[in-house]
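Letter by letter, the chains look like this.
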Amino acid sequence: VYAFHALFVAVVAWLVVRIHIIVRESVSESRTGLTVVTSRLCDSWRIVRIIIFDNTNTHLAFLAVVYGLSFGNHPATIALLPAIVLWAWQEGFLNSLLIWIGFKTGRGIVSLKFLLTLLIIFSFAAVLPYTYLIIRGRQNPVFSWTRVTTFSELVHHVSGKAYFTEENSWERFDKDKLLTLPRLFYEEYFWPGIILGCLGLITLIGSNRRLFLYFGAATVSILLLVAFYERGTEYNYWLIHFYILFSILIGVGTMNLFKSRRWLGVIGLIGLVVLVGKEIKTNFSLNNRSRYVLAEEFGKSILGKLAPRAVFFTIGDQESAIPLYLQKVRGFRTDVTIVSSSTFASSWQRVKLKTDRPDLVLPDGLEEDLYKEDTDRLINEFVRKNVSAVPIYVITKNYIALDPDIHPVPAGALFRLTTESNEDINPEDWDYTFTDPLFYTRPARAELSQKLPSGGITRRPYFEEVRDFLLQADKNLGDWYFEKGEKGKAKAAYRRMWEKKPELDLPEIKKRIHD
């Protein structure tokens with residue numbers, strides 16, 4: 001999502017600058033696309049270049065397509081809308097609309113018909129990808145398609161109504177996030193980039209007020225969105241607009257130095273080299289994950305302890321994606337069957353499971369699409385039919401409402417399902433090994449963590465996810481022993497939780513330790 005977001009923002013910015021240059025050149029040289037084409041029929045490449053590359057209407061249509069697609073990709077794109085409208089008004093592209101309304105007289109650069117065509121192109125590009133949800137939602141009406149089956153539901157989904165209308169979506173003003181911006185800004189560009197970007201800004205103020213106002217309007221919109229909108233928790237990514245626009249200013253500042261004095265241009269070029277070198281030095285060690293094995297060891301800790309030919313019901317990203325990667329790419333524990341609990345109500349999931357594991361007995365109605373509410377019933381039925389012959393595991397007993405006759409037995413951080421009420425645990429299930437057994441003591445910055453939306457600089461590092469896995473294993477073991485009346489073993493297991501994370505706040509567990 002964020003990679004496409006960056007691409008769309010960059011292309012939109014390039015098109016705005018490109019169209020501005022074409023309009024300025026066409027006015028200064030008093031030329032139009034058709035006139036130049038007819039006067040240079042002998043030069044075929046010139047014709048193509050003028051029609052496609054030097055034609056304002058072509059670029060405007062391309063801008064409508066790209067900006068429309070960006071709306072379908074990430075809602076933060078709305079921050080560019082005021083800047084684009086202001087720029088279009090300055091360039092005269094909205095004159096036809098103003099003339100039609102009665103605010104102006106004369107003739108517009110582009111016709112009203114073409115403006116309406118651009119609006120249709122933009123709407124089509126923005127909405128078209130989402131229409132697939134209606135088609136699939138009606139063919140397979142399960143929750144995984146967000147229940148988008150009507151046009152009104154589609155409008156709500158595209159507009160992000162759920163994100164903008166919830167109680168915690170907006171704040172009056174979050175000054176903490178804006179106060180962290182200078183630090184974030186410096187970490188992106190350092191002093192060479194900041195100086196060159198400021199030179200570019202000064203250049204635009206003096207020589208190109210239209211583009212300066214576009215950049216300024218976009219920046220103000222982005223900062224307001226960041227300051228008031230609270231659902232964008234990874235808000236550093238929401239600043240992609242701002243970073244890309246400032247990067248363009250760095251280029252403008254460098255080119256202005258070359259135009260003024262060659263030796264100043266050399267200094268600007270040296271500044272760029274220093275900037276890039278600083279970025280590489282800062283980020284290479286963080287992005288070079290060739291020796292980073294924590295995620296792989298975490299996945300192997302999950303898969304490695306499962307019994308042969310086990311069925312493993314997963315829920316979230318961590319315990320789903322990493323084991324699947326180890327199976328498909330590394331060929332590790334391919335005998336285990338990973339099943340997504342959240343999509344078990346979909347017929348394709350059960351059909352695939354039956355194809356992959358013909359030895360399993362599936363619930364009735366194999367090719368019938370059901371709803372999320374049926375998931376618990378289907379899983380309980382599946383467990384009851386297969387648990388005597390096949391080991392079945394779940395990542396947590398809280399997500400699935402198990403029937404009373406199905407008992408979850410702790411197996412490390414996981415649970416093994418059984419219909420036997422006196423099933424015992426296997427201590428080897430808690431024997432997790434990591435290359436660095438104290439990985440959770442490493443600096444958060446070493447985990448490539450991002451910035452917090454307010455107040456702090458680092459986001460929750462990845463090792464916290466793995467540590468939570470180990471904490472859950474200790475708690476499972478402590479709870480098991482506590483329920484069996486073996487309080488000494490329970491207390492030992494609970495204490496290991498605080499050894500891993502001293503700041504834990506679990507009053508009930510603390511009470512068990514001290515009783």
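In the block above lies the structure referred to throughout.
It should be emphasised that the depicted structure is a prediction, and the values quoted were computed from it without experimental measurement.

### Regarding the overall build of the chain
Phase 1 of the analysis: Along the backbone of the chain there are 22 helices and five strands.
Phase 2 of the analysis: The buried share among the 515 residues of the chain stands at 43%.
Phase 3 of the analysis: Considering only residue pairs separated by 6 or more positions, the chain has 63% of its internal contacts joining residues 24 or more positions apart.
Phase 4 of the analysis: Summing over all exposed atoms, the chain offers an accessible surface of approximately 27900 Å²; the carbon and sulfur share of this is 61%.

### Comments concerning the side chain of Ser320
Phase 1 of the analysis: Inspection of the secondary structure puts Ser320 in helix α17 (residues 317-328).
Phase 2 of the analysis: Of note is the side chain of Ser320, whose polar atom sits 2.8 Å from the side chain of Thr314.
Phase 3 of the analysis: Ser320 has contacts with Thr314 and Ile315, leaving out every residue within four places of it along the chain.

### Overview of unusual backbone geometry
Outside of glycine, negative phi angles account for most residues, and trans bonds account for most peptide bonds.
Phase 1 of the analysis: In this model, Phe190 sits at a positive phi of 55 degrees, which is unusual for a non-glycine residue.
Phase 2 of the analysis: Counting through the fold element by element, Phe190 comes out in helix α11 (residues 181-207).
Phase 3 of the analysis: A positive phi angle is found at Arg309, which is not glycine, with a value near 55 degrees.
Phase 4 of the analysis: Among the structural elements, Arg309 can be located in the loop between α16 (294-304) and β1 (311-314).

### Remarks on the sheet that holds strand β5 (residues 414-418)
Phase 1 of the analysis: Taken in spatial order, the five strands of this open sheet run β2-β1-β3-β5-β4, and their pairing is mixed. Each edge of the sheet is formed by a strand with only one pairing partner; in this case those strands are β2 (337-340) and β4 (407-411). In this sheet, adjacent strand axes meet at a mean angle of 30 degrees when their direction is disregarded.
Phase 2 of the analysis: Strand direction decides the pairing type here: β1 and strand β3 (residues 392-394), joined by three bridges, are parallel. Residue pairing across strands places Phe312 opposite Tyr393, the latter belonging to β3.

### Description of the packing of aromatic side chains
Phase 1 of the analysis: Counted according to the given criterion, the structure contains seven aromatic pairs.
Phase 2 of the analysis: Pairing Tyr189 with Tyr243 gives two aromatic rings, centres 6.1 Å apart and planes at 65 degrees, and the pair type is edge-to-face. Of this pair, Tyr189 sits in helix α11 while Tyr243 sits in helix α14 (residues 240-260), and the two are 54 residues apart along the sequence. The pair Tyr189 / Tyr243 is uniform in exposure class, with both members buried.
Phase 3 of the analysis: When the centroid spacing of 5.2 Å and the interplanar angle of 55 degrees are considered together, the rings of Tyr432 and Phe469 count as tilted. Placement of Tyr432 in the loop between β5 and α20 (462-483) and of Phe469 in helix α20 is noted, with a sequence separation of 37 residues between them.
Phase 4 of the analysis: Its relative accessible area of 15% is what places Tyr432 among the buried residues.
Phase 5 of the analysis: On the basis of relative accessibility, which here comes to 7%, the residue Phe469 falls in the buried class.
Phase 6 of the analysis: Grouped by ring-pair contacts, the aromatic residues Tyr189, Tyr243 and Phe246 constitute a single cluster.
Phase 7 of the analysis: Its end group placed over the ring of Phe190, Lys278 keeps NZ or CZ at 5.3 Å from the ring centre.

### What about the pairing of β1?
Phase 1 of the analysis: Residues Val311 and Phe313 point to one face of β1 and Phe312 and Thr314 to the other, with burial holding for every one of them.
Phase 2 of the analysis: By the bridge criterion, four bridges tie β1 to β2 in an arrangement that is parallel. Across the sheet, the residue bridging to Thr314 is Ser340, located in β2.
Phase 3 of the analysis: Chirality of the crossover, the property in question, places the unit of β1, α17 and β2 among those that are right-handed.

### A closer look at helix α22 (residues 507-514)
Phase 1 of the analysis: Within the sequence span of α22, burial applies to Ile509, Arg512 and Ile513. Taken around the axis of α22, the buried residues stretch over an arc of 100 degrees, which confines them to a single face. Exposed residues pointing more than 90 degrees away from the buried face of α22 are listed as Pro507, Glu508, Lys511 and His514.
Phase 2 of the analysis: On its buried side, α22 packs onto α20 and α21 (487-500).

Each value, and the rule that gives it
Residues numbered from 1 in each chain as written. Predicted model: local features only at pLDDT ≥ 70, side-chain atom pairs only at ≥ 80, totals over all residues. Heavy atoms only, no water. Helix = DSSP H or I, 4+ residues; strand = E, 2+ residues; numbered from the N terminus. Buried < 20%, exposed > 50% of the residue type's maximum accessible area, 1.4 Å probe, protein only. Contact = heavy atoms within 4.5 Å. Areas by Shrake-Rupley, 256 points an atom, 1.4 Å probe, with all protein chains shown as cover. Polar contact = N/O pair within 3.5 Å; in protein donor to acceptor, adjacent residues only side chain to side chain. Pairing = 2+ DSSP bridges. Axes fitted to C-alpha atoms, helices over the stretch in contact; angles between N-to-C directions. Phe/Tyr/Trp six-rings, centres within 6.5 Å; stacked < 30°, edge-to-face > 60°. Lys NZ or Arg CZ within 6 Å of the ring centre and 35° of its normal. Right-handed = clockwise from strand over helix to strand, strands pointing away. Arc of directions from axis to C-beta.

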